[in-house]
Amino acid sequence: MRVIDVRVREGYQVLVGSGLLPQLGGEMARVGRRGSAMLVSDDNVAPLYLKTAKESLEKAGFRVCSFVFPHGEENKNLQTYASLLNALAEEKLTKSDTVVALGGGVTGDLSGFAAATYLRGLGFVQVPTTLLAASDSSVGGKTAVDLPAGKNLAGAFYQPDLVLMDVDTLRTLPEEEYACGMAEVVKHGVLGDRRLFDQVKQGPGRFDEEAVIARNVQIKAEIVAEDEFDEGKRQLLNLGHTIGHAVEKASGLTVPHGQAVAIGMAVAARAAWRMGLSEENCAPEIEQALVNNHLPIRCPYGPEELLKAALSDKKRRGDTIHLILPRRIGECYRHGVDVSEIGAFLEAGLR
Ligand SMILES: NC(=O)c1ccc[n+]([C@@H]2O[C@H](COP(=O)([O-])OP(=O)(O)OC[C@H]3O[C@@H](n4cnc5c(N)ncnc54)[C@H](O)[C@@H]3O)[C@@H](O)[C@H]2O)c1
Ligand SMILES: [Zn+2]
């Protein structure tokens, strides 16, 4: 097992290893949780792992209740959030009790927002079961649900008390979901660690999963610790995401997030080189790493379509679009492009 300390104001540990799920109750007790636990899971994950989690918690003396919701991003909404809050109230959870998110990023984001807001905050533990949740969303304290107007528009910063990642749970994850998680892993390599990039560039099955996830968590944790509330350095984590979000939007959300991020990274790397904005041409290596990890590198949309989607981004501020660009593999920087020049940038990246 590997232990990573996340040094935010109220720090916590991320445990990564094999066979950890049956130790959930004991680990939660070790970090001071007790009383009741509300296990939150979707209807794919619950049949696979809820029983093991429940038994472990009960063995450690917790009273356990559960909330299972239908899987999918479309259920990360206000209705599911309200149902979860009502379930917490019905089960009479108090501030000293704990919400346990057992699942992917959807479960983590939804549960975290409920944990942040019910009684203005109660205990929160993340048990990620997707590669994306393990290497990205379960670390950093961002929680949210979607509104009809857009993704993640209602949310809060709320750090968990513990993250427990049992790598064995990844064995039931569909291949496409695994690949989507790899997009964020490759991203962490490109923005902060050449060695990590080299470890994963050959594709799945060719690297030490536990070590790679732990290193990912460390990279994200270091960035988050420097910028807990997303006011600066954390924007580096948006590598591939500005263009990726435009791809998602142009597709009407039919292109999965990880695939969109992969396309976004490839476009950014190609454009950066062609526009003289990177020191080395990283595009071929990034493209190869993405392809080896079963991810796309070509954008199905033209510059006009992408531009339209990028400009309608609700989180955009002013006339400058900030992009994260690779200087070389392992180092990225933030670069502002005026909206009048973004068309030329996209054209260079789409070629
Ligand atoms: N909070 C953050 O910082 C942050 C960062 C990145 C992404 N996110 C959010 O994360 C969400 C995406 O997360 P995700 O990709 O994990 O999606 P997800 O939670 O929907 O999981 C993907 C699918 O895999 C299934 N699944 C999960 N674990 C499984 C397992 N072990 N075996 C079999 N099936 C399993 C789920 O039921 C679901 O159908 C988005 O809502 C995104 O906004 C949040
Ligand atoms: Zn992402």
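Note: the structure precedes this text.
Residues numbered from 1 in each chain as written. Chains lettered and ligands numbered in written order. Predicted model: local features only at pLDDT ≥ 70, side-chain atom pairs only at ≥ 80, totals over all residues. Heavy atoms only, no water.

S.K.: For this particular structure, what's the right way to read the pattern of salt bridges?
M.R.: As a working rule, side chains carrying opposite charge can pair if their charged atoms are close by. Within this structure, the stated rule accounts for 28 salt bridges. Its salt-bridge partner being Lys 76, residue Asp 109 comes within 2.9 Å of it at the nearest N-O pair. Of this pair, Asp 109 sits in helix H4 (residues 105-117) while Lys 76 sits in the loop between strand S4 (63-69) and helix H3 (78-90), placing them 33 residues apart in sequence. With relative accessibility at 4%, the residue Lys 76 sits in the buried group. The closest approach of N and O atoms between Lys 187 and Asp 136, which form a salt bridge, is 4.0 Å. Placement of Lys 187 in helix H6 (residues 175-192) and of Asp 136 in helix H5 (residues 131-137) is noted, with a sequence separation of 51 residues between them. For Lys 187, a relative accessible area of 2% gives the class buried. Salt bridges sharing partners connect three or more residues here, namely Glu 73, Lys 76, Asp 109 and Asp 146. (Salt bridge = Lys/Arg side-chain N within 4 Å of Asp/Glu carboxyl O. Helix = DSSP H or I, 4+ residues; strand = E, 2+ residues; numbered from the N terminus. Buried < 20%, exposed > 50% of the residue type's maximum accessible area, 1.4 Å probe, protein only.)

S.K.: For this particular structure, what's the right way to read the state of the cysteines?
M.R.: As used here, a disulfide is simply a covalent bond connecting the sulfur atoms of two cysteines. For the structure shown, the criterion picks out 0 disulfides. The thiol of Cys 299 is unpaired, and the distance to the nearest cysteine sulfur, on Cys 180, comes to 16 Å. The exposure class assigned to Cys 299 is buried, which follows from its relative accessible area of 17%. Free of any disulfide, Cys 332 has its nearest neighbouring cysteine sulfur in Cys 282, separated by 7.5 Å. Residue classification places Cys 332 among the buried positions, given a relative accessible area of 9%. (Disulfide = S-S within 2.5 Å.)

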